[in-house]
Each structure stands twice: as C-alpha cells, then as structure tokens.
Amino acid sequence: MTALTIPGLDQAPVNHERLLSWVREVAELTTPEQVVWCDGSQQEWERLTNRLVEAGTFKRLDESKKPESFWTASDPTDVARVEERTFICSREKKDAGVTNNWMDPDQMKATMTELYRGCMRGRTMYVVPFCMGPVEAEPPRLGVEITDSEYVVVSMHIMTRMGDRVLERFSESEDVEFVPALHSVGAPLEPGQQDSTWPCNEIKYITHFPEERLIWSFGSGYGGNALLGKKCYSLRIASAMARDEGWLAEHMLILKLISPENKVYYVAAAFPSACGKTNLAMLEPTIPGWRVETLGDDIAWMRFGEDGRLYAVNPEAGFFGVAPGTNWKTNPNAMRTIERGNSIFTNVALTDDDDVWWEEMEGQPEHLTDWKRQDWTPDSDEKAAHPNSRYCTPMSQCPILAPEWDDPQGVPISAILFGGRRKTTIPLVNEAFDWQHGVFMGATLSSEKTAAAAGKVGEVRRDPMAMLPFIGYNVGDYFQHWVNMGKEADASKMPSIYYVNWFRRDPSGKKIVWPGFGENCRVLKWIVDRLEGNAAAEETAIGRVPTAEQLDLSGLEATREEIEQSLEVSLPEWREELPLIEEWFDTIGEDLPTSMRDELEALKQRIGE
Ligand code: GTP
Ligand code: MN
Ligand code: MN
C-alpha cells in the first residue's frame, strides 16, 4: 500500500481507531490538497467565512443591520432537496418499502466510489465531528461529516453542536459509535482553475445505508442534501435506529405552552414542508395570559422516560427556515432571531445597502440583486428570492427559546399534532379516540400541492406523519412501530393525538376561513383544556371535534359562519376521501399493518359507507 502524505491527515485531535482509518481511507480515495480537522471555534468561523467572501460565494451583510452575517446564492440548479436522487440502500429492497428509491448497497457503493475518486482534487477536505442532540445525552448521538465545502462547515457551526466540544465524547472509549457522513460537491479543481462561486455536479446522489448507519452524498451543496446531520442523519438514519431501539425520530416542531396559571405543556407537531412548523414553533399567542416558548422547529426525537411518558429533544442547534413569507406579522420571533446576526442567507435577495429581502417582507426596496445575482425591480416578472430560499440562524438567539432546550432528558410531550394543507374535508382540529386511531390519522395525513410545485394544483398527496421523504425504512414497518410504541406504554401517559388544518377554504374555494398564525393558540388552548378535562367536544364519525362554542374565540376577527366552516365534518366530503385513503393503503399493500386496515374499516362504518 502506498502511504499517501496529505498535509493535515495525521493531525487528528482525537484517538479513535475507526474514525482515523475512515478519514484516511476517504482522503486516499478523494485526494484533497489538505485535510483540516474542524474545532468549531470562532477563529474557524472567521477564517472560513473570510475565505468564502474572497471566493465570491459569500457577501458580508452590513454590520449594523445583520452583524457577522452573509448572503449567498446557489447554482440555479442546486436549490432544494432532490427526492428522485435520494436512496435508501438497505440490503433487501423490501426493507426500503414503496416510498423510497432503492439500490443494492454494493452496487451503489461501486458507482459512488468511482464518482468520489479524485473528487476533492485541489480542495480542502474538512473533518467535522458533531453531535445531534445534547452533548451530555446517553448515549450521545455522534457523527462525523467529511466535506469539501466551506459553506457546509460554517452551516454545521450553526445547525449542530460540533468541533472540540464534542470530541471528548469520541475519546471516551475506542468503541464509541458515530455515523460517518461523507459529502462532496463533486467539483475537483485543476491547478490554476478558477473556482465557481457555487461548485456542484450535475450528477447527484443522496444515499443512506441504514444497516451500517452510513451516509454518502455527492454533487449538491444545498441544505438538506449537504448538511448531513439534518434530514439524512436525524430523520432517515435515526428513524432506523429508533425502530431498532424503541423510540421515534420525527419531522416535528417542539413547543412549550404556558397557561395564565403558569402551567406548562409541551406539544410536538408534524406538518409537511412549507405547512407552518416554523411558524407554529414561534407562535405569539393572541389570547391574553398565554405564552409560547420554542424548543425546535423541524425535528423531534422522542423516547420513553423512567416515568413512562414520552420525552422529546430537538437534535439540531439552529433553524434552517423558509425565508419567503417570513415577516414581522407572520413570524416576529424568527425576524428577531435573524436580526441578532451570525446567520447565513441562501437564495434570498440582496439589498443595495447590504441587507436581505424576500417576498412578503415589509419595506420592499426599489432595487435588489435577486437570487440569480441579477438586477431586480418591483416590475420584474420573476421572484427576487427563490421560493425555497432559507435563513440559517442559531437557536440560542431566539428570544422565546425555552431554557430547557438543551436538556438531555428532553421534555414530556402532552399532545402530538398532525396537519397539512387541505381546502376541504379536514376540520380545524380533531381529537383521536385513542393512540391507534391517532396513528391512523398520521398514516393518512395529506396535503395539497401548491401552484409552485410540479403536478396538478390542489392534488392531494399522502404524506404519512409528514415523513414521506424521510422514513429510512419500509413505511408499513414504520406504521407498525408507531402502533407498537402505544402498546408498550401506559395509555394514560401517552400524548393525545390531534389532526389540525389551518387551510380550510370557504365554499367558493377562494378564502382560507381560519385566520391562523397567532390565532392558532385558540386551538392549542382547547387541546390543553381537553387534557385537563376542562373542554367539551362533539363525538363525530372521524373523531372528537369542538363546536364554535367550545373554542375560546374572544376577540377573534372572523365571522361565526367562517368558524363553523372551518370546523365542519362533512360526510359527503368524507365519502370522497375514503377511496383516496384506500388507494394509498393499496400502494403499501401487504406491508400495511392490519390495525391500519381495521381503522379504515371502522371509519367507513362510522361514516355509513
Ligand atoms: P420546512 O421547514 O420546509 O420543513 O417547512 P415548515 O413546516 O417549517 O414550513 P413553514 O413554517 O416555513 O411554512 C410557511 C408557509 O405556511 C407559509 O406559506 C405560511 O404563510 C404558511 N402558514 C404558516 N402558518 C399558517 C397559518 O396558520 N395559516 C395559514 N393560512 N398559513 C400558514
Ligand atoms: Mn421550517
Ligand atoms: Mn423540514
């Protein structure tokens, strides 16, 4: 064997045999110019952000407006997660199930090894040790991302606990486990070649090997494809870990609701992308005396505590939020968080005085540089910010951050909400009869495609537990795991499950009838009043739904008719819904747990079909 000498390779700050041999193996395959072991320090942040500014990738924002913050624009073809290029490479195809792309792991590794060969030529290979969730957790959920992207390293500074603060956990013992996560933008540089501001490759692979707890990503520099601690580790790989170890890894926000009597409730909620998790997580209640604090806006890991209750932690340390539509009215706490600086803005518009702007933000300027780095004025036909443009900002800056956000024990969850975007059929809020019925609600969760996405507008897509693109194994087994979680537990200690819909329209289909945003606290209040036995509900065919009288609507600006429309349980609409659920269950076929079929039959009976 040729012992390659790559500068930095031997300067590992930790003694962990498996880690060192993996790093050496990757360096020998990808042949970078040098290896840098990341420490997570302020100096490292400054060195790398300066380098990104010099390369033209980053533009430093005005210190007085967004201190220590940067604007960047990606390659126009590299703007979002690429679900068609995302693979679950379990050994058996059956274990990936009908909702995932699958390829044989050996075949995938052979293909990707050739792509990785020499792919870091002319670049620096960074080794980023990180921990998802609190560093003091038992066991700590460690990972190491190898990447050739400085953008990824500085984003990992914000989104994860990383660097020296987690190395101690690696050195505790030789067999401390970690998830190896390999990433390359796939753009080697020849000597003297000018780098592009956003290197990436036309060929993209986002690949998971669930049995090995291994991630390989190639060709993209963008968020969910490249920050491998997020969707790849904390949802796809973690969901497989969770199945094996008896916990849940979910696409959920975590919020803390405080009543006027100072009673505290923790709520987790799963909505598909762009359906309002970040908004609800930072809600400003409109009912006097009620307060909300935030623990997470995208991912929740939940496991049983010693008292038999389900405890949640947020594995992340930052918010990677959709920028367009975020403003002082819809999400003032997100605006306050980013104002404190230390943030990265990707694919939003840049103002002439070095600040950021996006659609629906207050104070639209007369001139901007848009996300394609072109001049933009209000009469331009195109949007100034890409619809999936994002802010990346530290959670610690959120003014309503719950102090216990970093507690390794997590917080006990009282209620789980599922929700999506539906013009019809789904009432504002609906309480499950029991855990299994709640799992059925999650398993049949649906949302409408918006005009921005490909496909027929308004078309209903099933998005089970808002996890469709994130379940790292067979969807039928995933439902069974949810059912089992309820069986293992004392039912009285399990969270109650609710199905919510902020997006119901009036009969004309034009107007969303529920005011939403801060007013959603009225639904949260009804839910905790239910938990306390202090609120009534109507028993309907689909679950327990409040009447307008049973909600606190004092001071709400909406007509009685609109509220009633938002709460309506329409049996004709449900008769149209049943075949859609049936069709979805048929695509899962024999992998579907019989309990889910039973729930569907029971629903049919109650509806009178
Ligand atoms: P990811 O971060 O991609 O997982 O998505 P998310 O669930 O965090 O979505 P986000 O909060 O960014 O969704 C924002 C979209 O939902 C915007 O179009 C908002 O206007 C809309 N939205 C959020 N809350 C409400 C609400 O209560 N009512 C209505 N009508 N729209 C809402
Ligand atoms: Mn979000
Ligand atoms: Mn998400």
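Residues numbered from 1 in each chain as written. Chains lettered and ligands numbered in written order. Predicted model: local features only at pLDDT ≥ 70, side-chain atom pairs only at ≥ 80, totals over all residues. Heavy atoms only, no water.

### A look at the nonpolar core
Counting 162 residues, the largest nonpolar core has Leu-280, Trp-358, Leu-417, Phe-479 and Trp-482 as its most contacted members. Grouped together as the second largest cluster of nonpolar side chains are 37 residues, Leu-19, Cys-119, Phe-178 and Phe-218 included. (Core = buried A, V, L, I, M, F, W, Y, C linked by side-chain atoms within 4.5 Å. Buried < 20%, exposed > 50% of the residue type's maximum accessible area, 1.4 Å probe, protein only.)

### Here we look at the pattern of salt bridges
On inspection of all chains with the given rule, the structure shows 47 salt bridges. With its nearest N and O atoms 3.1 Å apart, the salt bridge here joins Arg-24 to Asp-10. Taken as a pair, Arg-24 in helix α1 (residues 17–30) and Asp-10 in the segment before α1 lie far apart in primary sequence, 14 residues in all. Of the charged contacts, one joins Lys-525 and Asp-529 as a salt bridge, the two residues approaching to 3.7 Å between their closest N and O atoms. In this pair, Lys-525 and Asp-529 are both assigned in helix α12 (residues 521–531), 4 residues apart and thus about one turn of the helix distant. As far as burial versus exposure is concerned, Lys-525 and Asp-529 are alike and both buried. (Salt bridge = Lys/Arg side-chain N within 4 Å of Asp/Glu carboxyl O. Helix = DSSP H or I, 4+ residues; strand = E, 2+ residues; numbered from the N terminus.)

### Thoughts on the UniProt feature "binding site: GTP" (unreviewed entry) in the chain
Per the UniProt record, "binding site: GTP" (unreviewed entry) is annotated on Ala-274, Cys-275, Gly-276, Lys-277, Thr-278, Asn-279, Arg-390, Arg-421, Phe-517, Gly-518, Glu-519 and Asn-520. A maximum C-alpha distance of 24.9 Å among these annotated residues, which run over 247 residues, shows that they spread across the structure rather than meeting at one spot. Relative to the elements of secondary structure, Phe-517 occurs in the loop between β28 (496–500) and α12. Residue position: Gly-518 is located in the loop between β28 and α12. In this structure Gly-518 touches Leu-283, Glu-284, Pro-285 and Thr-286, once residues within four positions along its chain are discounted. (UniProt positions renumbered as here; feature names shortened; annotations may be inferred. Contact = heavy atoms within 4.5 Å.)

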